[in-house]
Amino acid sequence: MKYPLLKASPLSNRVSVFILLLLSFFITAAKAQTTEQAFKERQQAHNQIAAASPSTSAMPILAALDISNPSVVDDLLDDYRSSDKADFTLIKLIRVLNLSDEYDQQITDGIQDSGVPLWLESGEKSYIYWSENHMIMWLSSAWLLDEHHNKAADSLMRQRLVHFLELKNNYGFYEFLSPNYFPYTMSALLNLADFSRDQTIKTLATGAVKRLLTEVLWATNDRGVFFPAAGRSNTGKYLNAYTANHSKVIYVLTGLGQEPTSASAGSAFISTTNVDMTSVIESWSAVENKTVANGHSTTASVNSSLSRQDRVLFQWSFGGYFHPDTWSDTFWGIDDYYSLEEHQSFKDVVTPLRLLGKNLTPTFTRGSNLSGLNVDIYKNNSVVLSSLGNHYGGYMGYQTWPWVATVEDIAVWSQSGEVKSFNSRGSQTNNTHLPKVIQQDNLLMAIYWPNSEINAGDLFGPLDTDVSLHWPSEEFDESQENGRWIIGRKNDSYIAVFRGCSSKINGEYGCEGNRGRQLWGAYVGNSSTHGNYQNFLNSIDNASYYNSLDFHFSCFCNRYHVRITVDGNKIDHYWND
């Protein structure tokens, strides 16, 4: 043997292990450095693009680059004074204040002279201080303003802020995976992580923002597209893959997607942060298959350390408004403590709900709760299937998004309510009745069976219970029907949707709600899972389904039995009325 193997001694073994560990350390460090450097390069490139097009969204970037533009700050202050969502602007002013000394007097005087309260006061009619994104925008801004003025710490404000941050670190986010609101929550957290002088707050905010962005990347495909099942969203966020605020954040963070041609409210924050995002960026994977638990039960004692008036607001932050478990606290807060009967959020619903009482209204009030929901996420490169696994099937829905499939840069989902163009659908009540969704890997079943109160229209009058499908045929390379299945391909990514019927309503695929019950399903794949599109078509051709409503004496109830089987993946479920 020309090069005989050496017999290793115990010493040489230890040396070898040490060398391997040393090499591993240097490789890991080099990778981290590469990730961090690439992120900084994207930040710098985005900042240069934003600097070329000054705007209120880009103002934090201009401040970071020492580009003077007091007129844009004046525009921000005008927005702050005139908008009922002043906190969306306030976080930008706070960031500018901390990135540049030039505007100190202009901003602090403008905020003080505006008369806008930085926390909820009795009789408030317009500003919202309690939903998750609003709460952290107000709290973080008030805290950083006090730090800027070197004021003594407000112990009550700090208690609220630390409590909020601890909840996020321990239980996650109520507005989970929200394309609408995660950029604003992120921005407020980055302000704290970048600028707070309180080390506890800084550390908690850093942990929270990293958790938030890591979860966003779980549902982001290899093209940088983010179309998730979500805690709060609206239709507009699923109609275009790359122009929205959240898409620009994802690009600057990861480099996935299309490079933005301008700054957005969120991208100006992620492109000016000094928080080390290496672990977040490297957490992204092209393949995921997981169930994510969010929040806690509505009766958990997570807010027991707070005063009742603060506990009410934190319960509202998870959507616990008129839920039976939070009903009495909510009416106490509205009627007795905060006097919010004329607030825009409550004035149209308080009286009818009070007259009916909590025992007659759960069908209409439980669906706003966002806490304790599970999200199933399946991702394989360019296809993603995500859903809410335990979210009040049959009840009225609000801004939750029960299920959605991503095929390259196309979003597909079903939705209950009036069938009209998806471009003209409202942003508040997205489903007149929520489906019960069950997902196993790349297959899901969505069962629609509205509660009797929905059909009767007990609270809001008769409700439209039709179910429709967002299926933009023109965006697929191929689209075809096979019975109640509709199947599409874009490049090497595939989807099939099982519909409650094969009809159309007002030009959209949809089924009338007069049957009461509807079985829908979705199945995704790609060239990695099926080899080619014809194999995927064969899988659907061999798929089976079953649905039947029978009366059972064992429960003295009607039982809806449904089943879908594709490629040996079977979902079988009984739903009792």
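These figures come from a predicted structure and were not determined experimentally.

(A) Geometry of the overall build of the protein. Assigned secondary structure in the protein consists of 19 helices and 17 strands. For the protein, the C-alpha radius of gyration of 26 Å lies close to 25 Å, the compact-globule estimate for 577 residues. In terms of overall dimensions, the protein has C-alpha extents of about 90 × 70 × 50 Å along its principal axes. The proportion of buried residues among the 577 residues of the protein is 58%. Restricting the contact set of the protein to residue pairs at least 6 apart, pairs at least 24 apart contribute 69%. Put simply, the protein shows about 23400 Å² of open surface, and 47% of that area lies on carbon and sulfur atoms.

(B) Molecular detail of the confidence of the model for the protein. Predicted confidence across the protein gives a mean pLDDT of 93, with 93% of residues reaching 70 or more. Taken together, the stretch residues 1-11 has pLDDT below 50 and engages in one contact with residues farther than four places along the chain or on a different chain.

(C) Layout of the pattern of salt bridges. Tallying each qualifying case throughout the model produces 19 salt bridges. Between aspartate 78 and arginine 81 there is a salt bridge, with the nearest N and O atoms lying 2.6 Å from each other. Pair noted here: aspartate 78 and arginine 81 are both in helix H3 (residues 70-82), with a separation of three residues, about one helical turn. On the basis of relative accessible area, aspartate 78 is assigned to the partly exposed category, the value being 40%. Between glutamate 481 and arginine 499 there is a salt bridge; the shortest N-O distance is 3.0 Å. Remark: arginine 499 occurs in the loop between strand E11 (493-498) and strand E12 (504-505) and glutamate 481 occurs in strand E9 (residues 478-482); sequence separation between them is 18 residues.

(D) Quick look at helix H7 (residues 155-171). Helix length check: H7 (17 residues) gives 24 Å between terminal C-alpha atoms against 24 Å at 1.5 Å per residue, within 8%. Listed in full, the buried residues belonging to H7 are Met157, Arg160, Leu161, Val162, His163, Phe164, Leu165, Leu167 and Lys168. If you follow the buried residues of H7, they end up packed against helix H6 (132-148), helix H8 (182-195), helix H9 (199-218) and helix H13 (308-317). Here H7 starts with a cap whose side-chain oxygen sits 3.0 Å from the backbone nitrogen of leucine 156, and that cap is aspartate 154. Glycine 172 occupies a position one or two residues after H7 and carries a positive phi of about 85°.

(E) Region of interest: the sheet that holds E12. Strands sit in the order E1-E2-E3-E4-E5-E8-E13-E12 across an open sheet of eight strands; the sheet is antiparallel. Each of the sheet's edge strands pairs with one partner strand only, and the pair in question is strand E1 (287-293) and E12. The pairing of E1 with strand E2 (residues 374-380) spans seven bridges and is antiparallel. Counterpart to glutamate 288 in the pairing with E2 is lysine 379.

(F) Structural context of a nonpolar patch on the surface. Residues Phe551, Phe553 and Phe556 make up a contiguous nonpolar surface patch of about 420 Å² in total accessible area. Tracing the backbone through its elements, the reader meets phenylalanine 551 in strand E15 (residues 544-552). Residue classification places phenylalanine 551 among the partly exposed residues on the basis of a relative accessible area of 41%.

(G) Seen up close, the packing of aromatic side chains. The tally for this structure, following the rule as stated, stands at 35 aromatic pairs. Their ring planes at 85° and their centres at 5.7 Å tell us that phenylalanine 182 and phenylalanine 226 sit as a pair that is edge-to-face. Here phenylalanine 226 lies in the loop between H9 and helix H10 (245-254) and phenylalanine 182 lies in helix H8, a separation of 44 residues in the sequence. Classification of phenylalanine 182 by relative accessible area gives buried; the value is 1%. Looking at phenylalanine 226, the relative accessible area reads 0%, which means it is buried. Lying across the ring of tyrosine 509, lysine 504 places its NZ or CZ 4.6 Å from the centre. The ring of tyrosine 560 carries arginine 517 above its face, with NZ or CZ at 5.6 Å from the centroid.

(H) Just the side chain of arginine 559, in detail. Inspection of the secondary structure assignment puts arginine 559 in strand E16 (residues 557-566). Although arginine 559 is buried, it forms no salt bridge, and the closest oppositely charged side chain is aspartate 550 at an N-O distance of 8.2 Å. Within the local environment of arginine 559, its side chain forms a polar contact with the side chain of asparagine 576, the two groups lying 2.9 Å apart. Once residues lying within four places of it in the same chain are set aside, the contact partners of arginine 559 are Ser548, Leu549, Asp550, His552, Ser554, Tyr574, Trp575 and Asn576.

(I) Highlighting the nonpolar core. Formed by 116 residues in total, the largest nonpolar core has its most connected members in Leu165, Ile270 and Met277. Per-element tally for this core: the top contributor is H9, with 10 residues. If we ignore the near neighbours within four places in the chain, the residues touching leucine 165 are Ile136, Leu189, Leu192, Ile201, Leu204 and Ala205. If you look at the next biggest cluster of nonpolar residues, it comprises 25 residues, including Val383, Tyr448, Trp471 and Phe476.

(J) Representation of the packing of H3 against helix H5 (residues 104-114) within the structure. One way to put it is that H3 packs onto H5 with a least axis distance of 10 Å and a crossing angle of 15°. As far as their axial angle goes, H5 and H3 are roughly parallel. Relative to H5, the crossing made by H3 is right-handed. In contact with Pro70, Val73, Asp74, Leu77, Tyr80 and Arg81 of H3, H5 contributes Gln106, Ile107, Gly110, Ile111 and Ser114. When the residues that make up the contact of H3 with H5 are grouped by side-chain class, the tally is six nonpolar, three polar and two charged.

(K) View of the state of the cysteines. Counting across every chain of the model gives two disulfides. What pairs with cysteine 501 in a disulfide is cysteine 511, and their sulfur atoms sit 2.2 Å apart. On the S-S bond that ties cysteine 501 to cysteine 511, the torsion sits near -110°, and the link is left-handed. Here cysteine 511 lies in strand E13 (residues 508-511) and cysteine 501 lies in the loop between E11 and E12, a separation of 10 residues in the sequence. Using a relative accessible area of 4% as the deciding quantity, one classes cysteine 511 as buried.

(L) View of the environment of glutamine 399. In this fold, glutamine 399 is placed in the loop between strand E3 (383-388) and strand E4 (403-407). Judged by its relative accessible area of 8%, glutamine 399 is buried. Residues glutamine 399 and isoleucine 111 lie 288 residues apart in sequence; the distance between their C-alpha atoms is 31 Å. A distance of 2.6 Å separates a polar atom in the side chain of glutamine 399 from a polar atom in the side chain of arginine 232.

What counts, and at which threshold
- Residues numbered from 1 in each chain as written.
- Predicted model: local features only at pLDDT ≥ 70, side-chain atom pairs only at ≥ 80, totals over all residues.
- Heavy atoms only, no water.
- Helix = DSSP H or I, 4+ residues; strand = E, 2+ residues; numbered from the N terminus.
- Rg over C-alpha atoms; globule rule 2.2 N^0.38 Å.
- Buried < 20%, exposed > 50% of the residue type's maximum accessible area, 1.4 Å probe, protein only.
- Contact = heavy atoms within 4.5 Å.
- Areas by Shrake-Rupley, 256 points an atom, 1.4 Å probe, with all protein chains shown as cover.
- pLDDT = per-residue confidence, 0-100.
- Salt bridge = Lys/Arg side-chain N within 4 Å of Asp/Glu carboxyl O.
- Expected span 1.5 Å × (residues − 1).
- Polar contact = N/O pair within 3.5 Å; in protein donor to acceptor, adjacent residues only side chain to side chain.
- Pairing = 2+ DSSP bridges.
- Patch = residues over 30% accessible without salt bridge, like charges linked within 9 Å, V, L, I, M, F, W, Y side chains within 5 Å.
- Phe/Tyr/Trp six-rings, centres within 6.5 Å; stacked < 30°, edge-to-face > 60°.
- Lys NZ or Arg CZ within 6 Å of the ring centre and 35° of its normal.
- Lys, Arg positive; Asp, Glu negative; His and termini not counted.
- Core = buried A, V, L, I, M, F, W, Y, C linked by side-chain atoms within 4.5 Å.
- Axes fitted to C-alpha atoms, helices over the stretch in contact; angles between N-to-C directions.
- Parallel < 35°, antiparallel > 145°, perpendicular 65-115°, else oblique.
- Left-handed = near helix turned anticlockwise from the far one by under 90°.
- Nonpolar A, V, L, I, M, F, W, Y, C, P; charged D, E, K, R; others polar.
- Disulfide = S-S within 2.5 Å.

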